[in-house]
Each structure stands twice: as C-alpha cells, then as structure tokens.
Amino acid sequence: MTKRQARIETGRLVLTGITDKDRQEFIGIFLNEEIKKTYMIPDGLSERQLDGYLEAFKKYSKPDGGHIVFGIFRDDVLIGFINETGINDDEIEIGYVIHPDHQGNGYCTEAVKAAICELFRIGFRKVSAGYFEGNVKSRRVMEKCGMTESGRIEYIRYMGENKKTIIREITAL
C-alpha cells in the first residue's frame, strides 16, 4: 500500500488529522444522541473513556497511525470523521459521521467521495460501508458516492436491538 496523504482538500472541506484542539467537537460528536442512533458509539462513556477515544483517533488519523481515520473539517472546525471498521487484504470497510448541526449540506457525500478516492489511490480495491435499515440519509450518501448493494446483510446487536445492516460497496476501476 502507498502511504496516504496527510491532508485532502475538497471544494469546501479538509480531511486531515484530529488533534487536541478538536477535543470539544470530537466529544460533542460522541455524546450526540442523534448520532448514536445511526453510528455505533458505546453509551455512558466517562470523560476518561472519551479522552481515550480521542487519543486513538488522533493517532489513527496520522498517515502512519496504523489505522485509517480522516477528520472532516469545515473552516478548521471538526464536523465529523471517517474511520476504518475493517480491513481484509485490499478491501476496506468504513464508517462515517457528520454532526447533525452540519447535515443536509452535502458535506458527508463530499468527504466520503474524497476518502474513497484516497483509499483507491493508496491501493485498496474495494471500499464498503454499512447502514442500519431505515437510515435513508446514509444510504443516499453511499448511492451518491457510487456504492451499490453488495447483497451482504448483517444483524448487529446495538442499543438493545438487533439492527439489520445493509452493506454497500464500490470497486476500483
């Protein structure tokens, strides 16, 4: 795999590393009840646990961090992130989130498209992502990014429910 870029600029966003200055926004994402409905975040995290997540995301958002995380920034403010949820050889599964205050502006689609391009550039052949059944917003992001249904469905236990998760994917040309 080729080393990934430290900074990716789109028309309105920057995908780059998360730092200590982003702590307030990062924790705001993890504590947001709307986000918890569609992005798997453990409930009842302590401040110490939140700081542990921040440290991990800071490390993994560096090009040599051992995992893949892109902080999504608008005007130097962290509004979301994209992270790997699994890697198998040249295939990667991602998750993504945009704070509800910034949803409805096309930022998620813009960021995911940029991340997919970068993931293909560094050598991944397939990028996939899953969404909980009924999460139309996430499905639409995937569709706009060229991801099609893979035929794979998973059932994930989350927040006391078995959530039907539909997997979509895109393959490099």
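Nothing here was measured: the structure is a model prediction, and the numbers come from that model. (Residues numbered from 1 in each chain as written. Predicted model: local features only at pLDDT ≥ 70, side-chain atom pairs only at ≥ 80, totals over all residues. Heavy atoms only, no water.)

Colleague: Give me the nonpolar core: which residues, what numbers.
Modeller: Side chains that are nonpolar tend, in soluble globular proteins, to be buried together. Core analysis: the biggest nonpolar cluster contains 31 residues, and L15, I82, V112 and L119 have the highest contact counts within it. Secondary structure elements with two or more residues in this core: β3 (69-74), β4 (77-88), β5 (91-98), α4 (107-121), β6 (126-132), α5 (136-144) and β8 (161-171). For this core, the leading source of residues is α4, giving eight residues. With sequence-adjacent residues up to four places away left out, I82 is seen in contact with L15, I68, V69, F70, I72, I94, G95, Y96, A111, V112 and A115. I27, F30, I35 and L54 belong to the second-largest nonpolar core, a separate cluster that totals 18 residues. (Core = buried A, V, L, I, M, F, W, Y, C linked by side-chain atoms within 4.5 Å. Buried < 20%, exposed > 50% of the residue type's maximum accessible area, 1.4 Å probe, protein only. Helix = DSSP H or I, 4+ residues; strand = E, 2+ residues; numbered from the N terminus. Contact = heavy atoms within 4.5 Å.)

Colleague: I'd like a rundown of the environment of R152, residues and numbers included.
Modeller: In this fold, R152 is placed in strand β7 (residues 148-158). Placed 17 residues apart in sequence, R152 and E169 show a C-alpha to C-alpha distance of 9.8 Å. For R152, the side chain forms a polar contact with the side chain of E93, separated by 3.2 Å. Separated by 3.0 Å, the side chains of R152 and E154 make a polar contact. (Polar contact = N/O pair within 3.5 Å; in protein donor to acceptor, adjacent residues only side chain to side chain.)

Colleague: Lay out helix α3 (residues 47-60) in plain terms, naming residues and giving numbers.
Modeller: The terminal C-alpha atoms of α3 lie 20 Å apart, and with 14 residues this matches the ideal 20 Å at 1.5 Å per residue to within 8%. Burial in α3 covers these residues: L50, L54, F57 and K58. Viewed along the axis of α3, the buried residues span an arc of 105°, placing them on a single side of the element. (Expected span 1.5 Å × (residues − 1). Arc of directions from axis to C-beta.)

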